[in-house]
Structures are given as structure tokens and as C-alpha cells.
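Breakdown of the fold
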Amino acid sequence: MSIQFHEESNTFILDTRDTSYRMQISRYGNLLHLYYGRRIYDVSLDYLLRFQDRGFSPNPNEAGNDRTFSLDFLPQEFSTDGKGDYRSPSIEVENGDGSFIFSGKVTGHRIYRGKYRLEGMPSLRAAEGDTVDSLEIRLEDAESGAAVILCYSVFEEKNIIARTARFENAGSDTLKLRRLMSATVDYRTADYDFICFSGRHTMEREFCRMSAERGVHAVGSSRGASSHQFNPFGIVCEKRADEDCGECYGYSLIYSGNFLLETERDQFDQLRVNLGINPKNFTFVIEPGETFQAPEAVLAFSPDGFTGLSHLYHRIFRDNLIRSPYLHAPRPVLLNSWEAAYFDFDEERLLQIARASLDMGVELFVLDDGWFGRRDSDNCSLGDWEVNRRKLPDGLAGLSQKLHAMGLKFGLWIEPEMVSEDSDLYRRHPDWCLRAPGRPMTRGRNQLVLDLSRRDVCDYLIRVFNGILDGAQIEYVKWDMNRSISDVCSALLDRDRQGEAMHRYVLGLYRIMDEMILTHPEILFCGCSGGGGRYDPAMLYYQPQIWCSDNTDAISRLKIQYGTSFAYPVQTLESHVSVCPNHQTGRTVPLKTRGVVAMDGILGYELDSTKLSAEEKALCREQVKRYQEYYPLIAEGDYYRLTSPYESSVTAWEHVSADRSLALISLVLTDRESNGAQQYLKLKGLDRTAFYRVQDRDGAYSGALLMNAGIPLPAGLLEYEALQFTVRKVRDAE
Ligand code: DGJ
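As the structure is a prediction and not an experimental result, all values here were calculated from the model.

A closer look at the site of the ligand
- Surrounding the ligand, one finds 13 residues, the nearest of these being Asp368, Asp369, Lys478, Asp480 and Asp550.
- Between the ligand and Trp413, the relevant distance is 3.1 Å, taken from an oxygen atom to a side-chain nitrogen or oxygen of the residue.
- At 2.9 Å from an oxygen atom of the ligand is found a side-chain nitrogen or oxygen belonging to Arg445.
- With the chains in place, 97% of the 290 Å² that the ligand exposes on its own is no longer accessible.
- Per-class residue counts for the shell around the ligand are four nonpolar, three polar and six charged.

See the structure below:
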């Protein structure tokens, strides 16, 4: 078993193949955190706990006159509230008597084979061949009757620990939960850096590294979606950590709503990390006998830098999270109508674009926004999901048939969660959107947000969209969500339950996805929220690929895709070749470069194919062919970031096959200097002693040489020019 309880020392022992996690029940029943990191073989780690009489650090009643025991400095596994730990807590609950005290003492535990289950929320599952064991520890507050059940699942071979917490009201008072973290991890020291992935619309997931300083540093979202601004993924690492060395801890939350990821360096220079639902504007009324389930956090530890950590997350998300049958299947190369025509199209125009795309090797035509209601701009018609017969006289079914007759598959854009004020749906049901009575509503892209905390609204959406999916031959759906949520107030929730609305919204969204996506396994779903505003593991559970950003500029994409790659596998990232000058940045980049960058994901096109020259189409055809040839390597190989777009004038990355016999290397020169220094690109992930042939070069070189001395880059490379080449193993060591 990868989980054991050592009675003598009251220690919980969790071991993956290469990592260890230890907790101990203190002599007064509190659960203390002892260790998380590289694999160790010890059972009792008592000696790590240092007891001291510290000023202004209170002592629990049970400690009597012992002034050396205080929750104020001891490392907690689940930080209680109101009992002398003044750091950011794991829980805040309003008791029946109005107090906020929760004193969680361990009253029992259970160890079992297999993965714990979460109801109504996406989570990891055990895949074939995995050894997964689980542990549940019960912490109780004797006075209120409240309990928290901490759940852990250890994925032994995959070096992953999944965690969550469940709150239970076993007392007789109504309780109000104001905060429940999915994971708290206390480090005994604080000499770490914190890395988060932060950005904005059209510039998501930029790599941001900072030193963990005194006080609380919080990132997260209160926008109703995981957001463009911060991602529910972060890294705590040693100061020396880089791609290849240093200890790194990964924190990921499988949740699509408001989240919080905070670090706190305390008075004694210890570090706490909290990850969970954002407590801002969150409350949940828990009646006697009811429970509340926090989303799942996925923890990983790599002793060997960021690359090792990324590989752990890529693997677990690929094998144990994403449910789509398309996961390992080659994804069709698509052409999306958005940047090709925006709202300005009719069937004839779409068919022209589709026909021209055949020459490029495109396999799937995606009709984006503008096909329903009176949707000629983004100011109206969301909610009126009736096809616009002026644009599409034969409806979606007719368009789909014509595309299929050409040999193309058909994909469709939808935005189920939204409603326009100028729509029949809104006129019929003004109370179906989130709004506070008597207050003017805040608009975003001139649209309002449907109240998915309501069951009737969700039922309606399931019926309408299942009808659309069943009414035409549709092989792909792009699910969009185009504003940050505000005015959170639901017509159906009581006054003291409004703090539940945002979490209920997310649960409603999951239910719709359960009923639409999982019941249409034949359709390939792509997530989207104005690009990458909801690029999170919960969405990946349902939709195996996500439109990474509304920014299609290849040079901007280098940073966006670089940041995304830290947690998310390449085959979840949809990336398109668009026209130049680019619609977002005005930049002009060679078509070859746009193709190379888009191949660092799921390749697609988003341009008016009727305007491409024969030469350009031929180049696209070549790109598609090359992409299809290397798709298994790109999608299933190990991913290496060879350089950082923040530190180098060459951004380079590499896909390496599992047996290390083949690698595909891609690079883009982003800043050319006149008469500059010779640059060398050092490869990664090769077999050191084997010999490889580098495409278009004579001779064979050892993996060790290619990784240590590197490959000289051609001096004539122009700014924004890309190179892509393979390295193939020709023989083993002599
Ligand atoms: C935002 C998406 O990210 C775009 O790709 C496009 O689908 C528009 N919405 C359509 O409104």
C-alpha cells in the first residue's frame, strides 16, 4: 500500500515512487504536516517539530501549562480557525452561536484501495495499470458538530497526490461555510520562489516568477471563470530551480470558477500555500446533515526542475483526467470562419471559403459566431439559438450536408451560458440572468450571464443544445464564454444564500456539460472563453482541447503557449494560422513561422482561404502534411522547452518520442541582431549514448553531444523566421 498509518508515532505515511508525504496527529489531536518532497524511508519524523515558548503565540486549552505548543508556528495539515493559528486558514465557518471557531481534531481515518470519488465535479480517476490508494481523515469540532473529511489519493507510479476536503454538518445548528481550501501545505522554511501564470485577454498565462516574501500573496479569480488573468496552477520552487534542476512543487485545482492560490510567509519565515475556491463573496449555508464538497487539488513534486514537473502534469491530465474518446485520436485540421468572415457571411460565402480550404488539406470547417437569430454583430441574439435563414437558407443541416459532400466535416460555435438583452429569450425570461433586483446591470460585450445556479435554466439549455447537436451532422463544437461575470445575484436563492450563486453556477455548468458532452462522445468539443479565459483542468475533463487565446499572432503566441505548457499537454492546445498583418497586433510574420508555431498544439487555420495564392495554399498543404506525419510525436511525446521567450532571442521547443529515437525541434528567431554572436541550441531528452542524424546535416552525433554542445543555428536566420527539423536515432552506442 502506498498509504499507511504508523500507530506508534501517529504518523500517516504517503509514498509515491519518488516522493513522500507525512502528517502526524499531535498529542492533542491536531493534524500536523511533517514533510512533502523527495522520497524518504523514515516513519517517524518527530524530530522535525520544534516546540518553543514564543511570545504572543497562544496555547490550546488541552496543553495546560505547556507554553511550547502553539498552532501559531507548528506546521498544519489543515489550518483551523480561531484557535491560535493566525496565518491564512483552510476553513472559515460561522457557527450557530455566531462565532468563527473551528477546532478540527482527528477522530478517525480510513485507508482503502482505489481513488476517492467526487460527486458532481470533475476529478482524476485511476487509469488502467495505475496503483491508487486513498486515505480519509476526519477532523471534528466537538462543540459545533462540524467535521471536515480530508481525502487523499496517491497515484504511486505517477508521483501525484490528489487532495480534497469535504465539510459535514453533523451538529444541530445551521452553519455558514465561508471558506474551505482544497489543499493547505505548510513548509518549515520559506526560501522559495513562487511562479504563477498571469495575463489578460489576448495575452494569457505569462510566466511570472517572484520571491515568496513576508505576508500573504494571493492570486486567483473572482470573475466567475478561472480567467485570463490568473490560472489555477502555480509552482513553489527553490530559488535555484530552472528547467533542469531544483525542487519544484506544483499546485493545480480542478475547478473552472473563482479560485484562490495564496502563499504566506509568516513571522518565523515558514511558508504556507492555500489552494481552493475563492472565499471572496462566497458563503454556503449547510443545514444539519448536509455536506459541502471542495474541488480537487492535484499536487506534484519534481526534484529536477520545471521540465520534470510539467511532465508529471502532462501525464496525469492526459491519462487520468481528460475523458474524451478523441484524447489519443488525431484531431482533424480545421478552418474556422471567425477571422475569415466574422459576422459577414452567407452560405455561399462559407462554401467558397470551405472549398478553397480543401486545397490546403483542411478536414473540418468550423462555423463560428453569427449563424443564429439576427446576429450580425455581437450586440444581440445570444439566447435565440434558431438558425438565421437569411444567411443559411437550408439551415445547419443543409450547410453540413453541402460540406460533407465536399469531403469536409462540420463544426459549430455556441455560447450557451449567455443572453443578449436584445433577444427573445431575455424578453421572455428577464429573471433568468444573474442580476440584483433594483440595480442597473453591468454589461460585458453587451451581453448578460444566464443564471446557471438555477436548475430550470440548465434544463432549458440542455434541451435546446442537445436539439441543435442532434439536428445536423456536427463533428466538432466550440463552446465559448465571452465575459467576466458580475452582478452575482440569483432570483431563486434566498437572501442568505446569495453567496452560493457562483459555486452553484459552476456546478450547473458541469451538469450541462455532463448531459451534453458526455452524451455526445462522437463530437469533438473545444473549450473557449474569449480564447484562453477558462483554460483549466475541469474544462479539460469535458473538452479535450481549448482555444488557447484570441491572439493569433505567432510571436505573441510563443509566450502564451510557453506559459500554457507548464501544466497542460500540447494536445489540449488549439492553435491557428491566421493572416498578416495580424488582426490583434498588426505584425507580419512569415507563413512558415505561423505554421511552425501553430504546430506546437492542435493545428488549425483561421483566415479567408479564398484570398490565399496558389503558392500559399501549397505551403499550408505541406504544413498540414508535416503536422499529420508528426502528430503522434507532437501529441504523445515528451515536451521540452529548450529556451524561454523571456530570456532568449530564439524561442525553441522540442517533442521527443517515448523511446527517445525521434525528436522534432522547432524554433523562432524573435529578435535579430546585426552581426550577432553565433547561437547554439542544446537539445534535451535524447539518449546520451545513442547516435542521431540531424535533418539536412551529414554525419551522426551522440545524444550527449547534441545536448551538451548543441547545434549551431544558421547565421542567415531572419527576424521572425522559423526552423523545424527532426533528429533521428541511427544507432546505439558503439
Ligand atoms: C471569442 C472567441 O475566442 C473567438 O475565437 C470567436 O469565437 C468569438 N468569441 C466569437 O464571438
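From this point, things continue past the structure.
So, the packing of aromatic side chains
- One pass over the structure, following the stated rule, counts 40 aromatic pairs.
- An angle of 70 degrees between the planes, with centres 6.0 Å apart, marks the rings of Phe197 and Phe207 as edge-to-face. Here Phe207 lies in strand 12 (residues 203–211) and Phe197 lies in strand 11 (residues 192–200), a separation of ten residues in the sequence. Here Phe197 and Phe207 have matching classes, each one buried.
- Measuring from ring centre to ring centre gives 4.9 Å for Tyr249 and Phe301, while their planes differ by 55 degrees; the resulting arrangement is tilted. Of the two residues, Tyr249 sits in strand 15 (residues 248–254) while Phe301 sits in strand 20 (residues 296–302), which places them 52 residues apart along the sequence.
- For Phe301, a relative accessible area of 2% translates into the label buried.
- Taken together, the ring pairs connect Phe197, Phe207, Phe233, Phe306, Tyr313, Phe317, Tyr535, Tyr562, Phe566, Tyr568 and Tyr646 into an aromatic cluster.
- The aromatic ring of Phe73 is capped on one face by Arg54, whose charged end is 5.4 Å from the ring centroid.

Quick look at the pattern of salt bridges
- This model, assessed by the stated rule, comprises 57 salt bridges.
- Of the charged contacts in the structure, one is a salt bridge between Asp53 and Arg67, with a shortest N-O distance of 3.2 Å. With a gap of 14 residues between them, Asp53 in the loop between strand 4 (31–38) and strand 5 (91–94) and Arg67 in the loop between strand 4 and strand 5 connect regions that are remote in the sequence.
- Judged by its relative accessible area of 43%, Asp53 is partly exposed.
- The residue Glu500 makes a salt bridge to Arg497 at a minimum N-O spacing of 2.8 Å.
- In this structure Arg497 comes out as buried when scored by relative accessible area, which is 17%.

Topic: empty space enclosed by the protein
- The final tally for this structure, using the stated rule, is three cavities of 30 Å³ or more.
- Every residue lining the largest cavity is listed: Leu558, Gln561, Tyr562, Val597, Asp600, Tyr639, Arg641, Thr643, Thr651, Ala652 and Trp653.
- Listing elements by their share of the lining of the largest cavity, those giving two or more residues are helix 9 (554–564), strand 31 (638–641) and strand 32 (650–656).
- Each residue belonging to the lining of the largest cavity can be placed in one class, and the counts come to six nonpolar, three polar and two charged.
- A domain-level breakdown of the lining of the largest cavity finds at least three residues from each of domain 2 (334–636) and domain 3 (650–731).

The rules behind the values
- Residues numbered from 1 in each chain as written.
- Predicted model: local features only at pLDDT ≥ 70, side-chain atom pairs only at ≥ 80, totals over all residues.
- Heavy atoms only, no water.
- Near = heavy atom within 4 Å.
- Polar contact = N/O pair within 3.5 Å; in protein donor to acceptor, adjacent residues only side chain to side chain.
- Areas by Shrake-Rupley, 256 points an atom, 1.4 Å probe, with all protein chains shown as cover.
- Nonpolar A, V, L, I, M, F, W, Y, C, P; charged D, E, K, R; others polar.
- Phe/Tyr/Trp six-rings, centres within 6.5 Å; stacked < 30°, edge-to-face > 60°.
- Helix = DSSP H or I, 4+ residues; strand = E, 2+ residues; numbered from the N terminus.
- Buried < 20%, exposed > 50% of the residue type's maximum accessible area, 1.4 Å probe, protein only.
- Lys NZ or Arg CZ within 6 Å of the ring centre and 35° of its normal.
- Salt bridge = Lys/Arg side-chain N within 4 Å of Asp/Glu carboxyl O.
- 1 Å grid on protein atoms, 1.4 Å probe; cavity = no way out; pocket = protein on both sides within 12 Å on 5 of 7 lines; lining within 4 Å.
- Points joined across faces, edges and corners; volume = space filled by probe spheres on them.
- Domains from an automatic or database assignment.

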